[in-house]
Amino acid sequence: MELKFRVAARIAKPVHQVFEAVADPAQLSEYFTTGGAQGRLQAGATVAWDFHDFPGAFPVYVIEVVQDEKIVLEWQASEGEAPNVADGELTAADYRTRVTMSFTALDDGRTLVEIAEEGWRENQGALGASYGNCQGWSQMLCALKVWIEHGIHLRTDMYR
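Note that this is a predicted model, so its numbers are computed, not measured. (Residues numbered from 1 in each chain as written. Predicted model: local features only at pLDDT ≥ 70, side-chain atom pairs only at ≥ 80, totals over all residues. Heavy atoms only, no water.)

Visitor: Any chance you could explain the overall build of the protein chain here in plain terms?
Guide: Each helix and strand counted, the protein chain has 3 helices and 7 strands in total. When the helices and strands of the protein chain are listed from N to C terminus, the series reads β-α-α-β-β-β-β-β-β-α. The 160 residues of the protein chain split such that 42% are buried. Of all intrachain contacts in the protein chain linking residues separated by at least 6 positions in sequence, the fraction that spans at least 24 positions is 52%. Accessible area for the protein chain stands at about 8,100 Å²; split by element, carbon and sulfur atoms hold 49% of it. (Helix = DSSP H or I, 4+ residues; strand = E, 2+ residues; numbered from the N terminus. Buried < 20%, exposed > 50% of the residue type's maximum accessible area, 1.4 Å probe, protein only. Contact = heavy atoms within 4.5 Å. Areas by Shrake-Rupley, 256 points an atom, 1.4 Å probe, with all protein chains shown as cover.)

Visitor: What's the story with the nonpolar core in this structure? I'm lost.
Guide: A general tendency of soluble globular proteins is for nonpolar side chains to be buried together. Ranked by internal contacts, the top residues of the largest apolar core, which has 45 residues, are Y31, W49, M101, W137 and M140. For this core, the leading source of residues is helix α3 (residues 124-150), giving 10 residues. Ignoring sequence-local partners within four residues, the contact set of Y31 consists of A21, V22, M140, A143, L144, W147 and R155. (Core = buried A, V, L, I, M, F, W, Y, C linked by side-chain atoms within 4.5 Å.)

Visitor: Can you walk me through unusual backbone geometry in this structure?
Guide: In terms of backbone geometry, most residues other than glycine have negative phi values and most peptide bonds are trans. For D68, which is not a glycine, the phi torsion comes out positive at approximately 65°. Take D68: it is sitting in the loop between β4 (54-66) and β5 (70-80).

Visitor: Sorry if this is basic, but what is going on with the environment of G35 here?
Guide: Locating G35 in the fold gives a position in the loop between α2 (25-31) and β2 (36-38). G35 gets classed as partly exposed once you look at its relative accessible area, which sits at 37%. A C-alpha to C-alpha distance of 7.3 Å links G35 and W49, two positions 14 residues apart in sequence. Setting aside its immediate chain neighbours within four residues, G35 contacts D50, F51 and H52.

Visitor: Mind showing me how you'd approach the packing of aromatic side chains here?
Guide: Each aromatic ring pair is specified by the distance between its two centres and by the angle formed by the two planes. By the definition in use, this model includes 12 aromatic pairs. When the centroid spacing of 5.8 Å and the interplanar angle of 90° are considered together, the rings of W49 and W75 count as edge-to-face. Here W49, found in strand β3 (residues 46-51), pairs with W75, found in strand β5; they are 26 residues apart in sequence, far enough to count as distant. Of the two residues, W49 and W75, neither departs from the other in class, the shared state being buried. Within the aromatic cluster, the residues linked to one another by ring pairs are F32, W49, F51, F58, W75 and W137. The ring of Y61 is capped by R96, whose NZ or CZ atom sits 3.5 Å from the centre of that ring. (Phe/Tyr/Trp six-rings, centres within 6.5 Å; stacked < 30°, edge-to-face > 60°. Lys NZ or Arg CZ within 6 Å of the ring centre and 35° of its normal.)

Visitor: What's the story with the packing of helix α1 (residues 15-23) against α3 in this structure? I'm lost.
Guide: Packed helices, taken two at a time, are described by the angle between their axes plus the distance between the axes. The geometry of α1 relative to α3 is characterised by a closest axis approach of 11 Å and an angle of 120° between their N-to-C directions. By the angle class used here, α1 and α3 are oblique. In the crossing of α1 with α3, the sense of the turn from one axis to the other is right-handed. On α3, the residues that touch Q17, V18, A21 and V22 of α1 are M140, L144, W147 and I148. (Axes fitted to C-alpha atoms, helices over the stretch in contact; angles between N-to-C directions. Parallel < 35°, antiparallel > 145°, perpendicular 65-115°, else oblique. Left-handed = near helix turned anticlockwise from the far one by under 90°.)

Visitor: Would you take a moment to explain the side chain of E74 for this structure?
Guide: On the secondary structure map, E74 appears in strand β5. Accessibility expressed as a relative area gives 16% for E74, which makes it buried. A distance of 3.5 Å separates a polar atom in the side chain of E74 from a polar atom in the side chain of R96. Once you skip the residues sitting within four places of it in the chain, E74 turns out to touch V60, Y61, I63, R96, T97 and R98. (Polar contact = N/O pair within 3.5 Å; in protein donor to acceptor, adjacent residues only side chain to side chain.)

Visitor: Would you mind going over α1 with me for this structure?
Guide: Buried residues dominate α1, accounting for 7 of its 9 residues. Listing the buried residues of α1 in full gives V15, V18, F19, E20, A21, V22 and A23.

Here is the structure:
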């Protein structure tokens, strides 16, 4: 058994605009990183993301970027309960998981965004953490969609 997942959404904006909403830290901070993002997502960079629901900025390692097509990152794996579970606690593990974001221009002018994450060890703690990350990436896509299409900040005060 390999622990991995994929989530996807269609965003009613051109691929370049959607890609930039993810790669640009100022835009990412508008709808996703509730505590802020520092550093543009470009190959070889190490950026910092902070969230109110998982406080304390942490490093995100940018492995590969293909403009308007793909962003590949790695970050520290966690093992433990999923975030926001009563009395749950995540503990950092000594390895990273890999996140691949794919951006595909659709014929109708929309953009298909797919996010896949893989690389957890096969144990109960990692399984719980993967569920939490799957939830987080699904929320990110929902927040991206309503922010870029309608200017709504879905995550404002959601975690504090």
